[in-house]
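Chain and residue survey
The primary structure of each chain is shown beneath.
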Amino acid sequence: MIFCIDFVFIPFHVAGYVDVAKRIIDLALFGAAQNRSYRRLADFTDTIGNRVSGSKNLEKAINYMYDAMRQDGLDVHLEPVKIPHWVRGEESAEMIEPRPKHLAMLGLGSSVGTPPEGITAEVLVVQSFEELKRRAGEAAGKIVVFNQPFVSYSETVAYRAFGASEAAKVGALATLIRSITPFSINSPHTGWQDYQNGVKQIPTACITVEDAELMARMAQRGQRIVVRLTMGAKTLPDADSFNTVAEIKGWQHPEQVVLLSGHLDSWDVGQGAMDDGGGAMISWEALSLIKDLRLRPRRTLRVVLWTAEEQGGVGAQQYYNLHKVNVSNFDLVMESDLGTFTPLALQFTGSDAARMVMEEVVKLLAPINVTRLESHGEGTDISPWMETGVPGASLHVADDRYFWFHHTEGDTMTVQDPREMDLCSALWAVVAYVVADLQEMLPR
């Protein structure tokens, strides 16, 4: 292909990579690397477990991956960062009236705790921020339960993020947020929440869809609901941590970088296999596939396993602050953080000219039937780069079950499938290698 950019002809001979793409795909799906990313993920998560920001388990996870990728023959180093250190502590919720019932719950990240004796108060159930405002006069001294319907994660997560501060503004003592999920088997979903400056900080936790709906029905009948909430949550001083970096140096332009990534931290429930152990493993696997085939692209292939993504991309922002001086050398940034299920497409953000190149690159994925390029590459950790004009890419997978398990005890290896991970690894490796080896960087 030839594109005219500012009247300069730049060749992009993407079709010449058909054979090398097939070699990568064959190795991942049928060769010695078959099921390898799955086995690596199982070994990692079974050994380490969950890995919340600031925890000893996250430290162990970073050391584990540093050693494993070095043993794999990659050039590995650690880059220090400071990250939040929130501790859940002992926690429980009980409905006392109109009948005794244990409420499955998980405190939300950054929440303050309750007094040691807990908070016992009447409940006000609302379905929206608008209803809370309408009924503000009823909220003082109560525990507000948000029973908002699930519309989409991006829209509904506002209740988890901002529910505590909105309720505190009208005098609530605490909040219980219906978990942000379209499906539940009495499973609470945790996640980060944000207190607004100048607003009293009150304890906040997620409860299950079932219990939120139960209390909503009771409230509709006019029954008085009383809940006792006990949370030992606290925030400790920021902890030392690292972004974990592995590379295959480019042979012609080692200063130019194609970056692949996933985050190594998780929440403190489940195994963090889906979110985001899978994304971390396929990023490592992509480099392993390329190394095993003795391929070396023109530009450097760099895997970054981010720390403290769940707290708002903390490690990634510090990485960006450190490396943004070289922003012109970042060719493409890639992130996998929505599961490693069956891949359906590559999502891409970039110029029209870059999109034309990427349209040709995804055609190389015909052997695995993933030749669609969609708009809007996404990822908390790569967004600072995309905002400055660096092209970005992410995986679109068959993620209809993703939010069933997201941030729950159910995020375990049982969710993962070895062939689906092989497909994601093959896609990740082909795209990264080809873009890194093209004669020119992607047009901005």
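Residues numbered from 1 in each chain as written. Predicted model: local features only at pLDDT ≥ 70, side-chain atom pairs only at ≥ 80, totals over all residues. Heavy atoms only, no water.

As named in an unreviewed UniProt entry, the chain is Carboxypeptidase Q, taken from Myripristis murdjan.

Describing helix 3 (residues 56–71)
In a regular helix each residue adds 1.5 Å, so 16 residues correspond to 22 Å; helix 3 covers 23 Å between its end C-alpha atoms and thus fits that length. Taken residue by residue, helix 3 has Leu58, Ala61, Ile62, Met65, Ala68 and Met69 as its buried positions. Here the buried residues of helix 3 occupy an arc of 140° about the axis, which is enough to place them on one side. In this structure, helix 3 carries Lys56, Arg70 and Gln71 as exposed residues pointing more than 90 degrees from its buried face. Summarising the contacts, the buried residues of helix 3 are in contact with helix 2 (36–48), strand 3 (75–87), strand 12 (234–248), helix 7 (273–292) and strand 14 (299–306). After helix 3 finishes, the residue Gly73 shows a positive phi value of roughly 90°. (Helix = DSSP H or I, 4+ residues; strand = E, 2+ residues; numbered from the N terminus. Expected span 1.5 Å × (residues − 1). Buried < 20%, exposed > 50% of the residue type's maximum accessible area, 1.4 Å probe, protein only. Arc of directions from axis to C-beta. Contact = heavy atoms within 4.5 Å.)

Regarding the nonpolar core
Counting residues in hydrophobic clusters, the biggest one holds 86 residues, and the most contacted among them are Leu332, Met358 and Val431. At 14 residues, the largest contribution of residues to this core is made by helix 12 (residues 418–437). Once residues lying within four places of it in the same chain are set aside, the contact partners of Val431 are Leu332, Met334, Leu346, Met358, Val361 and Leu365. Counting 48 residues, the second-largest nonpolar core is a separate cluster that includes Leu106, Val123, Ala167 and Ile207. (Core = buried A, V, L, I, M, F, W, Y, C linked by side-chain atoms within 4.5 Å.)

With respect to unusual backbone geometry
Most peptide bonds take the trans form, and the phi angle of most residues other than glycine is negative. Of note, the amide linkage connecting Glu97 to Pro98 takes the cis form, showing an omega dihedral of 5°. For Ser110, which is not glycine, the phi torsion reads 80° and is therefore positive. Look at Ser110 and you get buried, because its relative accessible area is 14%. Look at His376: it is not a glycine, yet its phi comes out positive at around 70°. Here His376 is to be found in the loop between strand 17 (373–375) and helix 10 (383–387). Judged by its relative accessible area of 61%, His376 falls in the exposed class.

With respect to the pairing of strand 15 (residues 330–335)
Each regular strand shows side chains that alternate between the opposite faces of the sheet. Among the six residues of strand 15, six are classified as buried, and the element is accordingly described as predominantly covered. Pairing analysis gives three bridges linking strand 13 (residues 253–263) to strand 15, with the strands arranged parallel. By the bridge assignment for strand 15, Val257 is matched with Phe330. (Pairing = 2+ DSSP bridges.)

Description of the side chain of Ser394
Looking at where Ser394 falls in the secondary structure, it is placed in strand 18 (residues 392–397). Looking at Ser394, the relative accessible area reads 2%, which means it is buried. A distance of 2.7 Å separates polar atoms of two side chains, one belonging to Ser394 and the other to Gln347. Engagement of the side chain of Ser394 in a polar contact is seen with the backbone nitrogen of Glu378, the distance being 2.9 Å. (Polar contact = N/O pair within 3.5 Å; in protein donor to acceptor, adjacent residues only side chain to side chain.)

A closer look at the pairing of strand 7 (residues 119–126)
With respect to burial, strand 7 is a largely interior element, six of its eight residues being buried. Looking at chain direction, strand 7 and strand 11 (residues 226–231) are connected through four bridges and run antiparallel. Across the sheet, Thr120 pairs through a bridge with Arg228, a residue of strand 11. When strand 7 meets strand 8 (residues 143–146), the two strands line up parallel, connected through four bridges. Within strand 8, the residue paired with Val125 across the bridge is Val145. As for the winding sense of the linkage, the β-α-β connection from strand 7 through helix 4 (residues 129–134) to strand 8 is right-handed. (Right-handed = clockwise from strand over helix to strand, strands pointing away.)

Focus: the packing of aromatic side chains
Going through the model one piece at a time under the given rule, you end up with 15 aromatic pairs. Plain terms: the ring middles of Trp404 and Phe405 are 6.3 Å apart, the flat faces sit at 50° to each other, and that makes the pair tilted. Judged by its relative accessible area of 30%, Trp404 is partly exposed. Following the ring pairs from residue to residue traces out a cluster consisting of Trp306, Tyr319, Tyr320, Phe330 and Trp385. The ring of Trp284 has Arg40 lying over it, and the distance from NZ or CZ to the ring centre is 3.7 Å. Taking the ring centre of Phe341 as reference, the NZ or CZ of Arg401 above it sits at 5.2 Å. (Phe/Tyr/Trp six-rings, centres within 6.5 Å; stacked < 30°, edge-to-face > 60°. Lys NZ or Arg CZ within 6 Å of the ring centre and 35° of its normal.)

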